[in-house]
Amino acid sequence: MAQPGGYGSSGIGFIDGEFMPLAELKIPVTDMGFQLSDMCYDAVHVWNGKFFRLGDHMERWGRSISARRYDSLGYDNDQVADILHGCVARAGLQKAMVFFIATRGTPATGQKDLRTCKNRLIAWAAPFYSVVADEDAGNGYDIVIAETIRIAPEAVDPTVKNFGRLDFVRASFEAYDRDARYTVLLDRDGYVTEGRGWNIFALIDGKLLSPDRGVLEGITRRTALELAGQLNIEARLARITAGELRSAEEVFLSSTAGGIMPVARIDGHAAAGGAPGPVTRQIKDRYWALHDDPAYTTPIKYNLAAA
Ligand SMILES: Cc1ncc(COP(=O)(O)O)c(C=O)c1O
């Protein structure tokens, strides 16, 4: 779903204690979030007026905030959640992508002692979109396996959701040069990791596998693993090689921005049967059905629009 005026042109944001149109949201260039990618974030979606798995996103956010030591943020999880409700309510959106970011902030002096920064909270709600374009969906997405490797988890912890993504940027240009748009990265040992904005699954010998290290612990990944269990499909985290991915029976991507997204081609060759397979289709259908389940959803407090 493309936004008519372009990415970020509509929606409501929040920064430094104030709500404003998303297009007006700006951070100072002296914020270490800009200069050092010293930030972390989370992204949750709203579907038919309800957050999906908000509690799980808040829990992951809380872990990121403490891992990165954003101690001076000044907002607890309940306050952050209310700000997210406030963004969605003010934007009047029924289907939205909602981002919330902590940046280190601006240090006191040019030596940039990070302990002198006041951390900054930024949030916004924008119309829902998918990390891969609907118009590319066809029978399933095309992906390429990049030469660029994923940043090692020992250097940047990928379980803290972050925008330190120059590996993905380099890999994206590799993909564009190969007439592709979406790319999955391997780690330095040759195992599959993830793409920019998604985890990946492969059905191999009837077992549903997703990489066990060097990746974000996606909330959609968790949902897919749970749903596979309900379907009596053995599902677990594991090492997957590029060769195993290419010859898998089914492959799909998982993300809050798009849900369960089948892959049909890898490196320009038909893969995963060339069309969404039965396991992918069942998990996708059940994933969207969960969006009506009160156990997984939180209605938006639209009355906050008036506040
Ligand atoms: C690098 C990366 N991996 C995986 C995911 C999927 O995570 P989730 O299912 O929580 O949206 C994302 C989401 O943005 C991501 O950025």
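Note that the coordinates shown come from a computational prediction; the quantities given were computed from them, not determined experimentally.

## Considerations on the environment of Val-169
Phase 1: With respect to the helices, strands and loops of the structure, Val-169 is situated in helix α4 (residues 166–177).
Phase 2: When the 10 C-beta atoms within 10 Å are taken as the criterion, Val-169 is described as exposed.
Phase 3: Counting along the chain gives 18 residues from Val-169 to Asp-187, while the straight-line C-alpha distance between them is 16 Å.

## A short note on α4
Phase 1: Along its twelve residues, α4 runs 17 Å from first to last C-alpha, staying within 8% of the 16 Å computed at 1.5 Å per residue.
Phase 2: The positive-phi residue at the C-terminal boundary of α4 is Asp-179, with phi of around 60°.

## Description of the domain arrangement of the protein chain
Phase 1: When the domains of the protein chain are assigned, the result is domain 1 (12–127) and domain 2 (134–292).
Phase 2: A C-alpha centroid distance of 26 Å is found between domain 1 and domain 2.
Phase 3: On the side of domain 2, ten residues touch domain 1, which itself brings 19 residues to the contact.
Phase 4: Ranked by residues supplied to the side of domain 1 that touches domain 2, first place goes to strand β3 (residues 39–47) with eight residues.
Phase 5: Of the residues contributing to the side of domain 1 that touches domain 2, the split by class is nine nonpolar, five polar and five charged.

## Concerning the sheet that holds strand β16 (residues 297–299)
Phase 1: Ordered in space as β2-β1-β6-β5-β3-β4-β16, the seven strands form an open sheet in which the pairing is antiparallel. Here the strands that pair on one side only, and so sit at the sheet edges, are β2 (18–21) and β16. The average angle at which neighbouring strand axes cross in this sheet is 25°, direction not considered.
Phase 2: In the sheet, strand β1 (residues 12–15) pairs with strand β6 (residues 120–127) via four bridges, with the strands oriented antiparallel. Opposite Gly-13, over in β6, you have Trp-124 as the bridge partner.
Phase 3: Strands β3, β4 (50–52), β5 (96–103) and β16 of the sheet are contacted by helix α2 (residues 54–67), whose axis makes an angle of about 175° with β3.
Phase 4: Helix α3 (residues 77–91) contacts β1, β2, β3, β5 and β6 of the sheet and is inclined by roughly 35° relative to β6.

## Concerning the site of the ligand
Phase 1: The environment of the ligand is made up of 14 residues, and the closest members are Leu-216, Gly-218, Ile-219, Thr-220 and Thr-256.
Phase 2: Mapped by element, the contributors of at least two residues to the shell around the ligand are α5 (219–230) and β13 (250–255).
Phase 3: Top contributing element to the shell around the ligand by residue count: α5, with three residues.
Phase 4: Taken together, the residues of the shell around the ligand sort by class into five nonpolar, seven polar and two charged.

## Considering unusual backbone geometry
Phase 1: You will see that Arg-69, though not glycine, has its phi angle at about 60°, which is positive.
Phase 2: With respect to the helices, strands and loops of the structure, Arg-69 is situated in the loop between α2 and α3.
Phase 3: Assessed through the 11 C-beta atoms surrounding it within 10 Å, Arg-69 is described here as exposed.
Phase 4: A positive phi angle, close to 60°, is found at Asp-179, a residue other than glycine.

## Brief notes about the environment of Glu-135
Phase 1: In this structure, Glu-135 sits in the loop between β6 and β7 (141–149).
Phase 2: For Glu-135, a count of 7 C-beta atoms within 10 Å puts it in the exposed group.
Phase 3: In sequence terms Glu-135 and Phe-14 are 121 residues apart; their C-alpha atoms lie 31 Å from each other.

## A word on α3
Phase 1: With 15 residues, α3 extends 21 Å between its outermost C-alpha atoms, agreeing within 8% with the 21 Å of an ideal straight helix rising 1.5 Å per residue.
Phase 2: Taking burial as the measure, the 15 residues of α3 include eleven buried ones, the bulk of the element.
Phase 3: Within α3, the full set of buried residues consists of Val-80, Ala-81, Ile-83, Leu-84, His-85, Gly-86, Cys-87, Val-88, Ala-89, Arg-90 and Ala-91.
Phase 4: Considering only its buried residues, α3 is in contact with β1, β2, β3, α2, β5 and β6.
Phase 5: Two residues or fewer past α3, Gly-92 is found with a positive phi of approximately 65°.

So, how was this worked out
- Residues numbered from 1 in each chain as written.
- Predicted model: local features only at pLDDT ≥ 70, side-chain atom pairs only at ≥ 80, totals over all residues.
- Helix = DSSP H or I, 4+ residues; strand = E, 2+ residues; numbered from the N terminus.
- Buried ≥ 20, exposed ≤ 12 C-beta atoms within 10 Å, placed from the backbone.
- Expected span 1.5 Å × (residues − 1).
- Domains from an automatic or database assignment.
- Contact = placed C-beta atoms within 7 Å.
- Nonpolar A, V, L, I, M, F, W, Y, C, P; charged D, E, K, R; others polar.
- Pairing = 2+ DSSP bridges.
- Axes fitted to C-alpha atoms, helices over the stretch in contact; angles between N-to-C directions.
- Near = placed C-beta within 6 Å.

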